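Inside the fold
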Amino acid sequence: MHLPIRPRRWRRTSALRELSAEPGLECRQLVQGHFVLPGVQRQEDIGSLPGISRFSADQLLPVVERDLSNGVKSVMLFGVPEHKDADGSGALDAQGEVPAAVRLLKQQFGDDLIVMVDVCLCPYTDHGHCGFVHGEEVVNDASVVALSQMAAVLAEAGADFVSPSDMMDGRIGAIRSALDDHGFQQTSILAYTAKYASAFYGPFRDAAGSAPSFGDRRSYQMDFRNRREAHRELELDLDEGADMVMVKPALAYLDIIRDFADASPIPVCAYNVSGEYAMVKMAAREGLAEERAMTLEVLGAIRRAGADCIITYHASQIAAAGWLR
Ligand code: PBG
C-alpha cells in the first residue's frame, strides 16, 4: 500500500516510543495516603486495602523516611481516633493523633516533606457524617465553623496543606480567613472541590472507621451524573482562595479532571481512592492482571487526563519497587 501517513512508524522500537511519549508519571507527583492511630508502637493491617497499614506516629516515621529516599515526598494523613462523639470534638484536640503525627514528621523532615491533612469530622463523629447533625440533617454553617477550627489546629501543628473533604458550602473561604486570623498565611488549602458521592470509598470507610451510621452522603457530596456542577464548585473554591483543587474519585471522573486541567489557573490534584486501589490489588491477586502494568496504566491515565499530582495508596509500593525509574 502507498500510505503517506503511518502512525505505526513511531511505535516500531522502544527508543522511538520513548522519544515520542508525552510527559508521563513521576514519583514527585505522588502523594501517599496514611491512616494514623493514637498511641505508640502500633501497626494494624487493613483487610480491605492489601499492603496498607494503620500506623501510630512513631511507626509512620520510618515508613515516610523510606518513601522520601525513594522519591515520594508528600503524604496525606487521616486520623483513626478511638474517641467519637456527636460533635466530633476529637477533631479539635491539638493532642490528637493527627496533630501529633504532623509535629513529629515536620520535626524530623522539615521542608523536605510535604504534609497534607484531611480536614473532616467523619472519623470523629459517632454518627459518621462529615458535619454536625440536627435530626437527620447535616447542617452546613455550624459545621463550617468547626472545620475552620480544626484546620487552624492542624496548621498550628505544622501541616503544609489543610484539605477539607466535607463538601460543606463556604468552607474554603471560612478556613482561609481562620488560618489568616491565626497567623497561618503560609498554610495552603487543598480543596476537595469536586468530590462525588461514590461507591469507591468503601475500603477507606473500613480503614478509617468512618461509615455513616444512618443515611448516606448525598446531601453534601456531588451526584456522579453532574459535570456542570463541578465547574460551579471550581469557581467557588478559586474565589474563596484554594491553592489546589481536587477531583475525587479519579478513574471514573477523567472527564472532570480534564475539565479542571483546562479551566483551573492553579494545580489540579486527583484522588485515586481506596476502591480504585483495591480493584487493582484484587485483580492482580486473582491473576487477572499484571499489577505493575495495571497500576502504571491507571496512574498514567490520570496524569494524561490532566492531574498535576495524584493522591494514591500505590505511591510507596511504586517507589520501593522502582517502577518509575
Ligand atoms: C472523609 C474522606 C473520605 C475519603 C477521603 N476523605 C471518605 C468519605 O467521604 O466517605 C475517601 C478516600 C478513599 O476512598 O480513599 N470525608
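Everything below is about the structure shown above.
A brief structural summary. (Residues numbered from 1 in each chain as written. Predicted model: local features only at pLDDT ≥ 70, side-chain atom pairs only at ≥ 80, totals over all residues. Heavy atoms only, no water.)

**Things to note about the overall build of the chain**
How we decide: Segments assigned H or I by DSSP are reported as helices when at least four residues long, segments assigned E as strands when at least two residues long, and all are numbered from the N terminus. Exposure classes here rest on a 1.4 Å probe applied to the protein chains alone. A residue is buried below 20% of its type maximum, exposed above 50%, and partly exposed in between. By definition in these notes, contact holds between two residues if any of their heavy atoms fall within 4.5 Å. Here the accessible surface of atoms and residues is derived via Shrake-Rupley with a 1.4 Å probe, and residues count as covered only by protein chains that are part of the display. Here the positive residues are Lys and Arg and the negative ones are Asp and Glu; neither His nor the chain ends is included. To locate a charge, take NZ of a lysine, CZ of an arginine, CG of an aspartate or CD of a glutamate.
Summing up its helical and strand segments, the chain has 11 helices and 12 strands in all. Taken along its principal axes, the extent of the C-alpha atoms in the chain is 70 × 45 × 40 Å. Split into buried and exposed, the 325 residues of the chain put 54% on the buried side. Intrachain contacts of the chain at a sequence separation of at least 6 include 74% that bridge at least 24 residues. Of the roughly 15000 Å² that the chain leaves accessible, carbon and sulfur atoms contribute 50%. Computed over 32 positive and 45 negative side-chain charges, the separation of the two mean positions in the chain equals 12 Å.

**Observations regarding the packing of aromatic side chains**
We count it as follows: A pair of aromatic rings is counted whenever rings of Phe, Tyr or Trp (Trp by its six-membered ring) have centres within 6.5 Å, and the orientation is called stacked for planes under 30 degrees apart, edge-to-face for over 60 and tilted otherwise. Only lysine NZ and arginine CZ atoms are considered, and such an atom sits over a ring when it is within 6 Å of the ring centre and within 35 degrees of the ring normal.
Throughout the structure, instances matching the rule amount to 9 aromatic pairs. Among the aromatic side chains, those forming a connected cluster through ring pairs are F35, F78, Y192, F204, Y271, Y277 and Y313. Over the face of the ring belonging to Y201 we find K248, whose NZ or CZ atom lies 4.5 Å from the ring centre. Here the basic side chain of K248 rests over the ring of Y271, its NZ or CZ set 4.8 Å away from the ring centre.

**Digging into the site of the ligand**
For clarity, the cut-off: Residues are counted as near a molecule or strand when any one of their heavy atoms sits within 4 Å of it. Polar contacts, as counted here, are pairs of nitrogen or oxygen atoms within 3.5 Å of one another; within protein the pair requires one atom able to donate a hydrogen and one able to accept it, and residues that are adjacent in sequence qualify only if both atoms are side-chain atoms.
Neighbouring the ligand are 18 residues; K195, R205, K248, S274 and Y313 lie closest to it. At a separation of 3.2 Å, a nitrogen atom of the ligand approaches a polar side-chain atom of S165. Between Q221 and the ligand, the recorded distance is 2.9 Å, taken from a side-chain N or O atom to an oxygen atom. Surface burial for the ligand is 100%, taken as the share of its 400 Å² of free accessible area covered by protein chains.

**Thoughts on the side chain of S264**
By the element assignment, S264 lies in the loop between α8 (254-263) and β11 (268-272). Accessibility expressed as a relative area gives 13% for S264, which makes it buried. Of the polar contacts made by the side chain of S264, one reaches the backbone oxygen of I266; its length is 2.6 Å. When residues no more than four places from it in sequence are discounted, the contact partners of S264 are L234, L238 and V245.

**Topic: unusual backbone geometry**
The residue after K248, namely P249, is reached through a cis peptide bond having omega -10°. Topologically, P249 is positioned in the loop between β10 (244-248) and α8. The phi torsion at Q41 lies on the positive side, around 60°, for a residue other than glycine. With respect to the helices and strands, the residue Q41 is situated in the loop between β1 (30-37) and β2 (43-45).

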